[in-house]
Amino acid sequence: GCVTSKAPTMKFGKQLAHEAHAPWTEQYIDYKALKQILKQFSPESPELSILQPDANAEANVHLDGLFVSSLMLQIQKVNRFYCGKATEFAALLRAIAPFLSTQTAPRAAAAAGAHQAELAAWLPAEPQAAARGT
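In this report, we go over the structure that sits alongside the text.

The rules behind these values
Residues numbered from 1 in each chain as written. Predicted model: local features only at pLDDT ≥ 70, side-chain atom pairs only at ≥ 80, totals over all residues. Heavy atoms only, no water. Helix = DSSP H or I, 4+ residues; strand = E, 2+ residues; numbered from the N terminus. Buried < 20%, exposed > 50% of the residue type's maximum accessible area, 1.4 Å probe, protein only. Contact = heavy atoms within 4.5 Å. Salt bridge = Lys/Arg side-chain N within 4 Å of Asp/Glu carboxyl O. Phe/Tyr/Trp six-rings, centres within 6.5 Å; stacked < 30°, edge-to-face > 60°. Patch = residues over 30% accessible without salt bridge, like charges linked within 9 Å, V, L, I, M, F, W, Y side chains within 5 Å. Areas by Shrake-Rupley, 256 points an atom, 1.4 Å probe, with all protein chains shown as cover. Lys, Arg positive; Asp, Glu negative; His and termini not counted. Charge placed at Lys NZ, Arg CZ, Asp CG, Glu CD.

A word on the side chain of S70. Tracing the sequence through the fold places S70 in helix α4 (residues 57-102). The class for S70 is buried, based on a relative accessible area of 18%. Once residues within four sequence positions are removed from consideration, S70 is found in contact with L34 and I37.

Before going further, it helps to examine the pattern of salt bridges. Following the criterion strictly, the structure yields 1 salt bridge and no others. Between K85 and E88 there is a salt bridge, with the nearest N and O atoms lying 3.4 Å from each other. Taken together, the positions of K85 and E88, both in helix α4 and 3 residues apart, correspond to about one turn of that helix. Taking the relative accessible area as the measure of exposure, E88 reaches 41% and is therefore partly exposed.

Attention now goes to the packing of aromatic side chains. One pass over the structure, following the stated rule, counts 2 aromatic pairs. Relative to Y31, the ring of F12 has its centre 4.9 Å away and its plane inclined at 70°; by these criteria the two rings are edge-to-face. One end of the pair, F12, is in helix α1 (residues 12-19); the other, Y31, is in helix α2 (residues 31-39), with 19 residues separating them in the sequence. For F12, a relative accessible area of 49% translates into the label partly exposed.

Looking now at a nonpolar patch on the surface. Among the surface-exposed residues, F12, I29, Y31, V68, M72 and I75 lie close enough to one another that they form a single nonpolar patch of about 510 Å² accessible area. Among the residues examined, Y31 registers a relative accessible area of 30% and is labelled partly exposed.

Right, let's talk about a positive patch on the surface for a bit. A contiguous patch of positive charge, built from K11, K14, K32, K35 and K39, is present on the exposed surface. Considering each element in turn, the positive patch owes the most residues, 3 residues, to α2. Looking at the secondary structure, you find K39 in helix α2. Classification of K39 as exposed rests on a relative accessible area of 63%.

This is the structure in structure tokens:
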């Protein structure tokens, strides 16, 4: 038969860190911290629940609350960052929109060039290089 090689797949946490936009890494959900909370959950085995019905239940309830509150804080962090960036982008767009709608193409390009550094901050390094043909 046909032999195919399957490249090893990267685990989600490592893939997230690998693909993260470097200047924004602190604004991503802290997947590793959330995963560490989940790893602390105790399995509820039938044997243990018969001998000690509340042995793991109380610890798991506490961890459940910790996980949910940590997740909500992470979501709020991402949302604040996203809203801030959306506001920044909207301001940049408002600044160049008059030039884009009323000026000739060269003048619009010059106006956009004035904001090039701010706009470049929005793009990951690879697409910028691809756009330049490098």
